[in-house]
Amino acid sequence: MRFDLTALKYLNKDDFRVLTAIEMGMRNHEIVPVDLIQSISKIRNTSVRRILANLLKHKLIKHTKIQYEGYSLNFLGYDFLAIHSLIKQGILVQIGTKIGVGKESDVYLCYVKKVNSEISDELYNQIKENILTENALKEQNRQKKLEEKNNIKKEEEENEEKKDEPEEEEEEESEEELSYIQNDLPKTIQTVVGELTIACIKFARLGRTSFRAVKSKRDYVKSQTHYNWLYLSRLSAQNEYKNMKGLYSHGFSVPRPYGYNRHAIIMEYVPSYPLNKVEEIKDKNTVYHKMMDFIYKLGSNGLIHGDFNEFNILLNIEKPDEIVVIDFPQMISINHSEAENYFKRDVQCVKNYFLKKFNLTFEEDLKFSDIKQINFLDEELKAYGYKKEKEKDKKINKEENEDKNEINEEKEINEEEDIDLGQQLDYEKEMIENMKKIKIEENEEKKEEKKNKKMTKEDIKNKVKKMMNKQNKIHVKESKMGNRFKGKKDISNKMAIKNA
Ligand code: ADP
Ligand code: MG
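Residues numbered from 1 in each chain as written. Chains lettered and ligands numbered in written order. Predicted model: local features only at pLDDT ≥ 70, side-chain atom pairs only at ≥ 80, totals over all residues. Heavy atoms only, no water.

Engineer: Quick question: what am I supposed to make of the overall build of the chain here?
Structural biologist: Across its full length, the chain holds 16 helices and 13 strands. Of all intrachain contacts in the chain linking residues separated by at least 6 positions in sequence, the fraction that spans at least 24 positions is 72%. Of the accessible surface of the chain, which amounts to about 28,700 Å², a share of 50% is contributed by carbon and sulfur atoms. (Helix = DSSP H or I, 4+ residues; strand = E, 2+ residues; numbered from the N terminus. Contact = heavy atoms within 4.5 Å. Areas by Shrake-Rupley, 256 points an atom, 1.4 Å probe, with all protein chains shown as cover.)

Written out as structure tokens, the structure reads:
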């Protein structure tokens with residue numbers, strides 16, 4: 001299935017401002033009230049309403065009226081924000097067919113520009129037009145073929161047989177799409193932006209499985225009490241991009257990362273099949289050892305993949321004994337408290353694969369105790385559970401150490417929470433500033449409220465004082481009328497009030 005970018009045609013700058021404002025508002029609101037959308041986007045109220053209707057029509061946002069009226073982003077809306085930024089940054093040019101559906105992601109083929117640099121509005125519009133032209137041309141061709149086929153069938157076949165058509169069509173189309181995107185570059189786009197590279201774009205979708213499952217599986221939400229799918233997906237992509245970049249630059253066999261934004265990563269496309277889809281491996285011995293070597297090399301750099309199975313190991317079509325490892329958001333440090341368990345599981349996955357699929361066992365084994373950390377890539381990448389230099393030197397007792405690690409993790413997450421969307425466009429920076437200002441104002445309002453509460457206490461005190469004064473005046477009158485004893489009491493009362 002192709003990624004449908006048609007809505008892009010109907011979106012302008014203001015639409016993206018409003019969409020971004022909803023994204024910002026969702027940092028502390030599940031449903032963002034229209035007032036807040038308006039004050040973050042700084043677009044007039046009447047226009048905001050019109051824009052919201054447009055975004056709603058294209059299914060980029062959701063409208064809710066349950067407790068109060070407001071809007072929230074859909075995954076499609078979030079995809080469009082990332083795509084828009086990646087195109088503007090001069091990385092992404094076109095999105096094609098879906099090639100992978102993971103538990104927590106969607107992966108599409110795409111085209112990227114060879115040289116990345118921010119592009120002009122004019123070029124952006126041209127790309128937008130060309131994406132749509134490409135899509136329109138393909139659609140035209142598809143319709144034409146469909147018509148031709150229908151005509152032939154009409155002549156040849158009975159009415160009943162026609163019912164089977166749509167399914168056949170679907171299959172043929174996806175094969176066609178794949179060969180189209182693999183073999184030809186879209187000419188119209190190429191003439192606009194220059195040389196293109198085929199790549200793939202992975203959208204993290206962490207709200208798709210239940211949050212509880214995510215929380216127990218993924219270490220990065222451990223210390224997070226408030227989180228939503230936007231935040232989780234963004235965090236997952238950031239982690240994966242950071243990890244992949246580190247591994248690639250240290251010569252590991254992983255796809256080359258090209259860029260990321262929000263919950264989307266763009267990386268090298270590996271013409272390949274994941275091991276679970278491979279029927280036969282020519283040189284099983286070599287592939288087995290390459291997999292074990294990968295685990296070993298990761299370990300000696302201080303890292304554990306954590307999900308090293310046949311779904312995440314690609315076998316290159318062109319070089320069939322070359323493996324490429326993918327899927328890194330959950331990678332942890334070898335100093336993580338659960339390191340040994342994850343390590344054992346990764347090794348066992350490889351063994352199980354060869355045993356179940358090919359009834360093969362290998363003599364050589366890989367144990368956790370075989371790993372000697374010679375490099376501190378875990379530190380460099382701030383992988384979960386890494387130890388900081390100072391903590392390694394000081395021999396702090398274990399419990400204390402674990403406590404500190406937890407604090408590190410928490411701090412890291414909060415730092416990342418400080419609005420990291422990837423490379424930011426000017427309008428995004430502006431809106432982040434707006435959001436921060438609103439937050440500051442909100443905090444000041446809260447302080448003011450607190451102050452007011454204090455003021456009312458003060459007011460009560462004053463009232464009490466006034467009442468007492470009144471009473472005192474009465475007493476003074478009484479004392480003037482001759483009761484000296486009461487008069488003394490009045491003075492001491494006055495003193496008490498003053499002291500208060
Ligand atoms: P998830 O985290 O959801 O498991 P993966 O990163 O494992 O996502 O990707 C899902 C599928 O997409 C893979 O099994 C593979 O088929 C395909 N895929 C992912 N990255 C690439 C790539 N760089 N080149 C080719 N195919 C890829
Ligand atoms: Mg996977």
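Engineer: Help me understand the packing of helix α1 (residues 13–25) against helix α4 (residues 75–88) in this model?
Structural biologist: Packed helix pairs are specified by the crossing angle of their axes together with the interaxial distance, meaning the distance between the axes. Where α1 contacts α4, the two axes come as close as 10 Å, and the packing angle between them is 120°. If you check the angle between α1 and α4, you find them oblique. Of the two possible hands of crossing, α1 and α4 adopt the one that is left-handed. Of α4, the residues touching α1 (which contributes F16, L19, T20 and E23) are G77, Y78, F80, L81 and H84. Its residues placed into classes, the contact of α1 with α4 shows 5 nonpolar, 3 polar and 1 charged. (Axes fitted to C-alpha atoms, helices over the stretch in contact; angles between N-to-C directions. Parallel < 35°, antiparallel > 145°, perpendicular 65-115°, else oblique. Left-handed = near helix turned anticlockwise from the far one by under 90°. Nonpolar A, V, L, I, M, F, W, Y, C, P; charged D, E, K, R; others polar.)

Engineer: What is the right way to look at the site of ligand 1 in this model?
Structural biologist: The environment of ligand 1 is formed by 20 residues, the closest being S105, K202, E268, N312 and D327. Residue S105 places a side-chain N or O atom 2.6 Å away from an oxygen atom belonging to ligand 1. D327 places a polar side-chain atom, nitrogen or oxygen, 2.9 Å from an oxygen atom of ligand 1. Within the complex, 90% of the 550 Å² of free accessible area of ligand 1 lies under protein. Sorting the residues of the shell around ligand 1 by element identifies β4 (92–102), β5 (105–113), β6 (196–204) and β8 (264–268) as the ones contributing at least two each. (Near = heavy atom within 4 Å. Polar contact = N/O pair within 3.5 Å; in protein donor to acceptor, adjacent residues only side chain to side chain.)

Engineer: Would you take a moment to explain the coordination of the magnesium ion (ligand 2) for this structure?
Structural biologist: Reference geometry at the metal: tetrahedral coordination by four donors gives ideal angles of 109.5 degrees; octahedral coordination by six donors gives 90 or 180 degrees. Taken together, N312 (OD1) and D327 (OD) make up the protein donors of the magnesium ion (ligand 2), found 2.1 to 2.2 Å from the metal. Here D327 lies in the loop between β12 (323–325) and β13 (332–333) and N312 lies in the loop between β10 (303–304) and β11 (313–316), a separation of 15 residues in the sequence. (Donors = N, O, S within 2.8 Å, 3.2 Å for Na, K, Ca; no water.)

Engineer: Is there a simple way to think about a negative patch on the surface in this case?
Structural biologist: Residues E441, E444, E445, E448 and E449 make up a contiguous surface patch of negative charge. Tracing the backbone through its elements, the reader meets E445 in helix α15 (residues 426–480). (Patch = residues over 30% accessible without salt bridge, like charges linked within 9 Å, V, L, I, M, F, W, Y side chains within 5 Å. Salt bridge = Lys/Arg side-chain N within 4 Å of Asp/Glu carboxyl O. Lys, Arg positive; Asp, Glu negative; His and termini not counted. Charge placed at Lys NZ, Arg CZ, Asp CG, Glu CD.)

Engineer: Sorry, what's going on with the packing of helix α2 (residues 34–41) against helix α3 (residues 45–57) here?
Structural biologist: α3 packs onto α2 with a crossing angle of 110° between their chain directions and a minimal axis gap of 10 Å. Accordingly, the angle class assigned to the pair α2 and α3 is roughly perpendicular. Between α2 and α3, the contacting residues are V34, I37, Q38 and S41 on the first element and N45, V48, R49 and L52 on the second. Here the contact of α2 with α3 is built from residues that sort into 4 nonpolar, 3 polar and 1 charged.

Engineer: Got a minute to help me understand the sheet that holds β12 in this structure?
Structural biologist: Strands pair in a sheet through their backbones, by hydrogen bonds, and they do so in one of two ways: parallel or antiparallel. Read from one edge of the open sheet, 3 strands run β9-β11-β12, paired in antiparallel fashion. Every other strand in the sheet has two partners, leaving β9 (272–274) and β12 as the edge strands with one partner each. Put simply, the sheet's adjacent strands are angled 30° from each other on average, direction ignored. The pairing of β9 with β11 spans 3 bridges and is classified as antiparallel. By the bridge assignment for β11, P274 is matched with L314. Against the sheet, helix α10 (residues 284–300) contacts β11 and β12, and its axis sits at roughly 30° relative to β12. (Pairing = 2+ DSSP bridges.)

Engineer: Would you explain the packing of aromatic side chains in this entry?
Structural biologist: All chains considered together, the criterion is met by 16 aromatic pairs. Ring geometry for Y288 and F354: centres 5.4 Å apart, planes at 80°, overall edge-to-face. With Y288 in helix α10 and F354 in helix α11 (residues 339–358), this pair connects stretches of sequence that are 66 residues apart. With respect to class, Y288 is no different from F354; both count as buried. An aromatic cluster is built from Y288, Y353, F354, F358 and F362, whose rings are joined through pairwise contacts. In this arrangement the basic side chain of R205 is found over the ring face of F75, its NZ or CZ atom lying 5.0 Å from the centre. (Phe/Tyr/Trp six-rings, centres within 6.5 Å; stacked < 30°, edge-to-face > 60°. Buried < 20%, exposed > 50% of the residue type's maximum accessible area, 1.4 Å probe, protein only. Lys NZ or Arg CZ within 6 Å of the ring centre and 35° of its normal.)

Engineer: Sorry if this is basic, but what is going on with α10 here?
Structural biologist: One turn of the α-helix equals 3.6 residues, which is why residues spaced by three or four share an orientation. With 17 residues, α10 extends 24 Å from end C-alpha to end C-alpha; this agrees with the ideal 24 Å at 1.5 Å per step. Of the surrounding secondary structure, the elements contacted by the buried residues of α10 are α9 (229–249), β10, β11, β12 and α11. Of the residues flanking the end of α10, it is G302, one or two places downstream, whose phi is positive at about 90°. (Expected span 1.5 Å × (residues − 1).)

Engineer: Teacher, can you tell me more about the state of the cysteines here?
Structural biologist: A disulfide bridge is the covalent bond that connects two cysteines by way of their sulfur atoms. Using the criterion set out here, one finds 0 disulfides in the structure. C200 supplies the cysteine sulfur nearest to C110, a cysteine that is in no disulfide, at a spacing of 6.7 Å. (Disulfide = S-S within 2.5 Å.)

Engineer: Would you mind going over unusual backbone geometry with me for this structure?
Structural biologist: Of note in this structure, R262 is not a glycine but carries a positive phi near 50°. Here R262 lies in the loop between β7 (257–261) and β8. The residue D327 is not glycine, and still its phi comes out positive at about 70°.

In short, the description is geometric, and any link to function would need to be established separately.
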